[in-house]
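Chain by chain, the residues:
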Amino acid sequence: MDVPLFLIFAAIAVACGVNVVVQRHPITSAISLIGVMGSLAALYLLLGGEFIAAVQVVVYAGAIMVLFVFVIMLLNAGAEGRSGRSWPVRLLGIPFLVLLLGLLSFVVQAYAPKTDRVVFGAFTSGGPRDIGKLLFTEYLLPFELTSVLILIAIAGAVVLARKEID
Amino acid sequence: MHPVTNVHYMVLSVALLLVGTIGVLTRRNIVIILMSIELILNAVNINLVAFSHHFGDVHGQVFAIFVIAVAAAETTVALGILIALFRNKETVLADEVDLLKW
């Protein structure tokens, strides 16, 4: 059951990821990006990361994508015009991309540990209890620093996006 | 059937990383460039969670949560800058922003 689930969700993730880059209109890219986030959440579930799958859906597919769609609507950005590149130059990119992907995959599979099988249910300590325990003991300082970082980001976004009053 | 290994997840991560890099390099719309950056950060997260599974250790997933939090902060500030830019220059295309060009 693991193999078809992995293949389906990996294929959805890669197809939606390519669609994000290929599409001309930003709103289509945003919807494709939601597909990437959703399928990655399913892959995290297969890897035993229950909490991180929930965070992926809530924070990425929920909050960040709403922010993106809101800004696209606000700016009323239309479809991007064609770039001035000629057809041979564009088509040349595809074999180079496949070549680079093949090369990197070869390096990865040559150096990665071979014997390890990813079985659904083999790793179960990815729930909220274990992660919360780590966050509030070992990673307490980074956790608090992250909250300060987000506070700074909120203040910065408000200052940057506000209308100048003169 | 051939079992799923860590290598499969790493190859998926490499594929998403390449697609995101190409998006950053070739697209001109700043919103889509930001979405491509999100793709790259997600590729990193796959690796973190996959190795967390491999070593049977939750630390990798905690790091992935930090990555998500920092990505959220980064997106917020970047979209704020984009709104300020659009208010001043009336464009969202990266190649039309040449204020610092000599």
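### So, the interface of chain B and chain A
Stage number 1. Facing 68 residues of chain B, the contacting portion of chain A comprises 81 residues.
Stage number 2. When the buried area of chain B at its contact with chain A is split by residue, Y9(B), M35(B) and H53(B) rank highest and sum to 11% of it.
Stage number 3. Run the count over chain B and chain A and you get zero salt bridges.
Stage number 4. Our enumeration of links across chain B and chain A arrives at seven residue pairs in polar contact (both at pLDDT 80 or more).
Stage number 5. Of all elements in the fold, only α1 (6-26), α2 (30-55) and α3 (59-89) of chain B reach the threshold of two or more residues within the side of chain B that touches chain A.
Stage number 6. For the side of chain B that touches chain A, the leading source of residues is α3(B), giving 24 residues.

### Observations concerning the packing of helix α1 (residues 2-22) of chain A against α1(B)
Stage number 1. Viewed as axis vectors pointing N to C, α1(A) and α1(B) meet at an angle of 10 degrees, and their least axial separation amounts to 9 Å. The angle between α1(A) and α1(B) falls in the class roughly parallel. Listed contacts from α1(B) to F6(A), A10(A), A13(A), V14(A), G17(A), V18(A) and V21(A) of α1(A) are H8(B), Y9(B), L12(B), A15(B), L16(B), V19(B), I22(B) and G23(B).

### A few points about unusual backbone geometry
Residues and elements named next belong to chain B.
Stage number 1. Backbone geometry at E90 places phi at a positive 60 degrees, although glycine is not the residue there.
Stage number 2. Checked against the element boundaries, E90 lands in the segment after α3.
Stage number 3. Given a relative accessible area of 59%, E90 falls into the exposed group.

Quick notes on the rules
Every chain's residues receive numbers from 1 upward, in the order its sequence appears when written. Here every chain gets a letter starting at A, and every ligand a number starting at 1, in the order they are written. The predicted nature of this model means local features are confined to residues of pLDDT at least 70 and side-chain atom pairs, given and counted, to a pLDDT of 80 or more, with totals for whole chains, interfaces and linings taken over all residues. Neither water nor hydrogens contribute to the side-chain values; these are computed over all heavy atoms in the structure. By definition in these notes, contact holds between two residues if any of their heavy atoms fall within 4.5 Å. Once two parts are brought into contact, the accessible area they lose, counted with a 1.4 Å probe and summed over both, makes up the buried area. Every case where a carboxyl oxygen of Asp or Glu lies within 4 Å of a side-chain nitrogen of Lys or Arg is listed as a salt bridge. By the criterion applied in these results, polar contacts are pairs of N or O atoms within 3.5 Å in which, for protein atoms, one can donate a hydrogen and the other can accept it, and in which residues neighboring in sequence qualify only through two side-chain atoms. By the criteria applied, helices consist of DSSP H or I runs no shorter than four residues and strands consist of E runs no shorter than two, each listed in order from the N terminus. Orientation is described by lines fitted to C-alpha atoms, with helices fitted over the stretch in contact, and by angles between N-to-C directions that extend from 0 to 180 degrees. In these notes the angle categories are as follows: under 35 degrees is roughly parallel, over 145 is roughly antiparallel, 65 to 115 is roughly perpendicular, and the rest is oblique. Relative accessibility under 20% of the residue-type maximum defines a buried residue, over 50% an exposed one, and the middle range a partly exposed one, all with a 1.4 Å probe and only protein chains included.

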